[in-house]
Amino acid sequence: MYEKYPDRKIVCLDMRSFYASCAAADEGLDVMKIPIAIIGNQQQKGSVVLAASPPLKKEFGVKTGTRLYEIPDHPDIRIIEPKMGFFVRMSMEITRLLSEYVPKEAIHVYSVDESFIDLAGTERLWGPIEQTIQRIQDDLLEMFQLPSAMGMGPNMLMAKLALDIEAKKTGFARWTYDDVQTKLWPISPLSEMWGIGSRMEKNLNAMGIFSIGDLAKTELTTLESKFGVMGNQLYHHAWGIDLSELGAPIIDGQISYGKGQILYRDYRKTEDILAVVLEMTEDVARRAREAGKVGRTVHLGVGYSKDTFGGGFHRSLSMEEATNDTMKIYKICVKLFHEHFDDRPVRRLSVTLSNMEPEHSMQLSLFEAEKWRKRKLGSAMDHIRSKYGSTALLRAVSYTDAGTARARAKLIGGHKA
């Protein structure tokens, strides 16, 4: 099964408790000894824990997502506000360290606290790869006081799985194709597998597929007839096969453009809620245009205030023709909103454009001058924002009391820089 597939030396690096570790280093604390909680807004008791140090998790049961008011009143617990600018700079320094071991082309920064590294060929410079991995982990601890975990595999998928399933407990794990049946196939529920979300899990469960082993033993033609190209990817991933180049998306059919945010306060008026939806839609459409992509499916998520017992809805609607036009996407959001909104105060919103395809697939008839004019207008607006900043050109709703774009432009990752 695996003879024709290359066996590369890919490592997935994860910085353990990255935000808590960075904050601890900045404060001169030991993240492995001091219970630390990273809280974005300490003035609001409902603020969530963005990151927690290992002692905070182990000794007090506080983890990511815990609310501020749920944290015990204990003198040993340190509550620190996130400094996103500092976190980003730390991430850049980590990448710089990695570049001392491999060329920049062999590094793919997957997120602020996670990267892929191709260590193929480094044996001639640094010796055995396991020894190089240990050196990198020692450097991270000595230079930045950042503990890490690393998973190694013959491709990006297996390296990531080795990290998530095993290395996050042990510090390091290496998976080979020989480990597929003993380590990969037992994974259940399916959503524990990187790249399988809750919706896909439900679809597969309905087919009698409950573990990765079940998925691997399902006929390829059955999966392809049900899920198309995604079925092909699911089948091969269940066998540990991934031919993605370093830096390429590992799940090709999963690319989408989305934006979500927790509102600063409860929004009760429909016009205020839709003002924020329009701002978010503008951002989603801009990113799609910049990538030269159009999408057919619009998703709107609305989360209600905890004061009204929470809940909410997440609905989607597909269009006959793919688009990246802000107002077309927004009109779909408005339609979904009015169909499902039940007049409760809103605290969370999300907008996503999916089922992406290349922009050149979008029909631009010679008789549809208006469509072409809007596309050119959108490009001009994007260019201005790219050159002069995201707030250089805003819609009028952003200058109302409901708008959030101006305030959020001063943040990094939704938090103070």
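Criteria and cut-off values
- Residues numbered from 1 in each chain as written.
- Predicted model: local features only at pLDDT ≥ 70, side-chain atom pairs only at ≥ 80, totals over all residues.
- Heavy atoms only, no water.
- Buried < 20%, exposed > 50% of the residue type's maximum accessible area, 1.4 Å probe, protein only.
- Helix = DSSP H or I, 4+ residues; strand = E, 2+ residues; numbered from the N terminus.
- Pairing = 2+ DSSP bridges.
- Axes fitted to C-alpha atoms, helices over the stretch in contact; angles between N-to-C directions.
- Contact = heavy atoms within 4.5 Å.
- Parallel < 35°, antiparallel > 145°, perpendicular 65-115°, else oblique.
- Left-handed = near helix turned anticlockwise from the far one by under 90°.
- Nonpolar A, V, L, I, M, F, W, Y, C, P; charged D, E, K, R; others polar.
- Polar contact = N/O pair within 3.5 Å; in protein donor to acceptor, adjacent residues only side chain to side chain.

Caption draft 1: The arrangement of the pairing of strand β1 (residues 10–15) in detail. By the criterion of burial, β1 is predominantly enclosed, with 6 of the 6 residues buried. Burial along β1 is two-sided: Ile10, Cys12 and Asp14 and Val11, Leu13 and Met15, pointing in opposite directions, are all buried. Relative to strand β7 (residues 148–153), β1 is paired through 6 bridges, and the arrangement is antiparallel. Paired with valine 11 across the strands is methionine 152, a residue of β7. With 5 bridges connecting them, β1 and strand β6 (residues 114–118) associate as antiparallel partners. Residue pairing across strands places cysteine 12 opposite phenylalanine 116, the latter belonging to β6.

Caption draft 2: Highlighting the sheet that holds strand β9 (residues 257–267). On the basis of which strands lie adjacent, the open sheet formed by 4 strands has the order β9-β12-β10-β11 and antiparallel pairing. Only two strands of the sheet have a single neighbouring strand rather than two, namely β9 and β11 (312–323). Neighbouring strand axes in the sheet, compared pairwise and without regard to direction, differ in orientation by 15° on average. Inspection of the sheet shows strand β10 (residues 293–304) paired to strand β12 (residues 346–358) by 11 bridges, in the antiparallel sense. The partner of valine 294 across the bridge, within β12, is glutamate 357. Across the face of the sheet, helix α12 (residues 270–290) comes into contact with β9, β10 and β12 while running at roughly 160° to β9. Taken strand by strand, helix α13 (residues 326–340) contacts β10, β11 and β12, and its axis lies near 145° from that of β11.

Caption draft 3: Examining the packing of α12 against α13 more closely. At a closest axis distance of 9 Å, the pairing of α12 and α13 adopts a crossing angle of 140°. The angle between α12 and α13 places the two elements in the oblique class. Regarding α12 and α13, the two cross each other, and that crossing is right-handed. The residues of α13 that touch α12, namely those facing Thr270, Ile273, Leu274, Val277, Leu278, Thr281, Glu282, Ala285 and Arg289, are Thr326, Met327, Ile329, Tyr330, Cys333, Val334, Phe337 and His338. Within the contact of α12 with α13, the residues separate by chemical class into 11 nonpolar, 4 polar and 2 charged.

Caption draft 4: Representation of the packing of helix α1 (residues 18–27) against helix α3 (residues 84–98). The contact between α1 and α3 brings their axes to 10 Å, and the two run at 100°. In terms of axis orientation, α1 runs roughly perpendicular to α3. Taking contact as the criterion, the partners of Phe18, Tyr19, Cys22, Ala23 and Asp26 in α1 are, on α3, Met84, Phe86, Phe87, Met90, Ser91 and Ile94. In the contact of α1 with α3, the residues fall into 9 nonpolar, 1 polar and 1 charged.

Caption draft 5: Local environment of the sheet that holds strand β8 (residues 172–174). If you trace the 5 strands from one edge of the open sheet to the other, you get β5-β6-β1-β7-β8, paired in mixed fashion. Edge positions in the sheet fall to β5 (107–111) and β8, since each has one partner strand and no second. Looking at each pair of strands side by side, their axes are set apart by 15° on average, direction ignored. Where β7 meets β8, 3 bridges bridge the pair, whose relative direction is parallel. Its bridge partner being in β8, glycine 151 is matched across the sheet by alanine 173.

Caption draft 6: Expanded view of the side chain of lysine 160. The residue lysine 160 is located in helix α6 (residues 156–170) in this model. According to the relative accessible area criterion, lysine 160 is buried, its value standing at 6%. A polar atom in the side chain of lysine 160 sits 2.4 Å from the side chain of glutamate 114. Lysine 160 has contacts with Cys12, Glu114, Phe116 and Trp194, leaving out every residue within four places of it along the chain.

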